[in-house]
Amino acid sequence: MSRPFPVRGTAALSITGIFLSSLAFAQSVPPQTATPWPPRWTVTAGVESFWWRDVARTGPPVWASPISWDGEGPIVWVSHDRGSRSRLHHFEGSFASAGGFELHSPVATHAAPDGDGVSRFSGRYEDRRYLWRDLWKDEFDVGVGVEGSGEHLSFDRDFAPEILLERSLNTIGTAFVIAGRLEPSTRWSLLAVWGNGLGISRSTLNYHGDIDSSRFGWGGGWQTNLELRGDIRVTSRAVMTAAYFTSGEGRLGTHDSFTFGRERFTVGVTYGR
């Protein structure tokens, strides 16, 4: 019998260490004088794709199944920003669902049952400080920050002849963030944000068939995110926004390990800036 992977304690200690380090970082950064920005809201909508792979091994390197379960669907994303050029408080929330799943292998693609689907609720808060301003050229700023997140992910899968697997995953996480912002004029700007961190989650699996059963378990894992965003001002207070986001995550738990990720493209409006 294989030994359980000790991810629960390891992930919890790692998250605690990152959180304490971020508090020390926030206290150590000297305040910068800057004119506060008016609070602003951003509302966008678009398409998000979702993929999931089972993991065959929990030791490094993580080897995942060659079979990928892929689907896509709509997403609505809302954020609230306040602060100044030197410091940003960023709040965001989103809801996404996906359907039309397919099973992809290196040699073939097969349609998954029509009942397969995914839904996701998520929220994030980030405290970011732009420590390097006008770096290399005017209006190019580089910042670092710390992020906290919470997410509820659920998906349904049908298996022949009449078996339904319902899985839900509740995750809290923390991550370090590096951001680059180019704003050469008040008319347009570009932003790139990269984050990497850890998470701890509770998984619930419900099997429905001839015999119903349930299983619960804790696990830890990682997350890596990249966002690219462009803004174009259309009025004194309104900005058109387009963004691309990609994320890869992994979860390691006893007999319940997998990797998953998503990509999305959204467009919308920022108001109040």
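What counts as what
Sequence order as written defines the numbering, with residues in each chain counted from 1. pLDDT decides what is reported in this predicted model: residues at 70 or higher carry local features, side-chain atom pairs at 80 or more are listed and counted, and totals for whole chains, interfaces and linings draw on all residues regardless. Side-chain metrics rest on all non-hydrogen atoms present in the structure, leaving aside hydrogens and water. Patch membership requires over 30% relative accessible area and the absence of a salt bridge. Like charges are linked within 9 Å, and nonpolar side chains (Val, Leu, Ile, Met, Phe, Trp, Tyr) within 5 Å. In this description, accessible areas are obtained by the Shrake-Rupley approach with a 1.4 Å probe, and a residue is regarded as covered only by the protein chains that are shown. Think of a salt bridge as a Lys or Arg side-chain nitrogen and an Asp or Glu carboxyl oxygen that are within 4 Å of each other. Secondary structure counts use DSSP, requiring at least four H or I residues in a row for a helix and at least two E residues in a row for a strand, with both numbered from the N terminus. Confidence scores labelled pLDDT are given residue by residue by the predictor and lie between 0 and 100. By definition, residues are in contact when any of their heavy atoms lie within 4.5 Å. Any residue under 20% of the maximum accessible area for its type is buried, any over 50% is exposed, and the rest in between are partly exposed; the area is computed with a 1.4 Å probe on protein chains only. Under the pairing criterion, centres of Phe, Tyr and Trp rings, with the six-membered ring standing for Trp, must be within 6.5 Å; the plane angle then separates stacked pairs below 30 degrees from edge-to-face pairs above 60, leaving the rest tilted. Charge-over-ring contacts are defined here by two conditions on Lys NZ or Arg CZ: a distance within 6 Å of the ring centre and an angle within 35 degrees of the ring normal. A cavity here means a set of 1 Å grid points, computed over protein atoms only, where a 1.4 Å probe fits but cannot escape. A pocket is an open set with protein on both sides within 12 Å along at least 5 of 7 lines, and lining residues have an atom within 4 Å of a point. Grid points are joined across faces, edges and corners, and a volume is the space filled by probe spheres set on the points. Lys, Arg, Asp and Glu make up the charged group, whereas Ala, Val, Leu, Ile, Met, Phe, Trp, Tyr, Cys and Pro make up the nonpolar group; the residues left over, Gly among them, are polar.

Enquirer: What is the right way to read a nonpolar patch on the surface from this model?
Expert: Together, Trp188, Leu190, Ile232, Val234, Met240, Val269 and Tyr271 give the surface a local cluster of nonpolar side chains, amounting to about 670 Å² of exposed area. The set of elements that each furnish at least two residues to the nonpolar patch consists of β9 (188-208) and β12 (258-271). On the secondary structure map, Val269 appears in strand β12.

Enquirer: What's the story with the confidence of the model for the protein chain in this structure? I'm lost.
Expert: For residues with low pLDDT, the predicted coordinates do not support detailed interpretation. Per-residue confidence for the protein chain averages 85 on the pLDDT scale, and 86% of its residues sit at or above 70. pLDDT under 50 marks residues 1-13. Its contacts with residues more than four places away, or in other chains, come to 14 contacts. This stretch, residues 22-33, has a pLDDT under 50; its non-local contacts, to residues over four places away or in other chains, come to ten contacts.

Enquirer: Help me understand the pattern of salt bridges, please; the structure alone is not making it clear to me.
Expert: When the charged atoms of two side chains lie near each other, side chains of opposite charge can form a pair. For the structure on display, the rule yields 16 salt bridges. Across the pair Arg87 and Asp127 runs a salt bridge whose closest N-O atoms are separated by 2.8 Å. Residue Arg87 is found in strand β4 (residues 87-104), and its partner Asp127 is found in strand β6 (residues 117-132); the two are separated by 40 residues along the sequence. Overall, Arg87 belongs to the partly exposed group, its relative accessible area being 28%. According to the relative accessible area criterion, Asp127 is buried, its value standing at 11%. A salt bridge links Arg124 to Glu147, with the nearest nitrogen and oxygen atoms 2.7 Å apart.

Enquirer: Could you clarify how one ought to interpret the packing of aromatic side chains in this entry?
Expert: A ring pair, where both rings are aromatic, is described by two values, the distance of the centres and the angle of the planes. For the structure on display, the rule yields nine aromatic pairs. On the basis of an interplanar angle of 40° and a centroid distance of 4.8 Å, the ring pair of Phe91 and Tyr125 is categorised as tilted. Residue Phe91 is found in strand β4, and its partner Tyr125 is found in strand β6; the two are separated by 34 residues along the sequence. We classify Phe91 as partly exposed; its relative accessible area is 31%. By way of ring pairs, the aromatic residues Phe50, Trp52, Trp69, Phe101, Phe155, Phe258 and Phe260 are connected into one cluster. Lying over the aromatic face of Trp69, Arg157 brings its terminal NZ or CZ to 4.6 Å of the ring centre. Directly above the ring of Tyr130 sits Arg181, whose terminal nitrogen or CZ lies 3.8 Å from the centroid.

Enquirer: Even after reading the chapter, I still don't get empty space enclosed by the protein, so can you show me in this structure?
Expert: Take a probe with the size of a water molecule and roll it over the atoms, and the empty space left behind shows itself. According to the stated counting rule, one finds five cavities of 30 Å³ or more in the structure shown. Reported here for the largest cavity is a volume of approximately 390 Å³. Together, 28 residues line the largest cavity, and His90, Arg128, Leu191, Val193 and Glu227 are the ones closest to its centre. Where the lining of the largest cavity is concerned, the elements lending two or more residues are β1 (36-57), β3 (68-84), β4, β6, β8 (163-182), β9 and β10 (213-233). For the lining of the largest cavity, the leading source of residues is β9, giving six residues. A class-by-class count of the residues in the lining of the largest cavity yields eleven nonpolar, four polar and 13 charged. Lining the second largest cavity are 22 residues; nearest its centre among them are Thr171, Gly199, Gln223, Glu249 and Phe260. The set of elements that each furnish at least two residues to the lining of the second largest cavity consists of β6, β7 (140-159), β8, β9, β10 and β11 (238-252). Its residues assigned to classes, the lining of the second largest cavity comprises six nonpolar, twelve polar and four charged.

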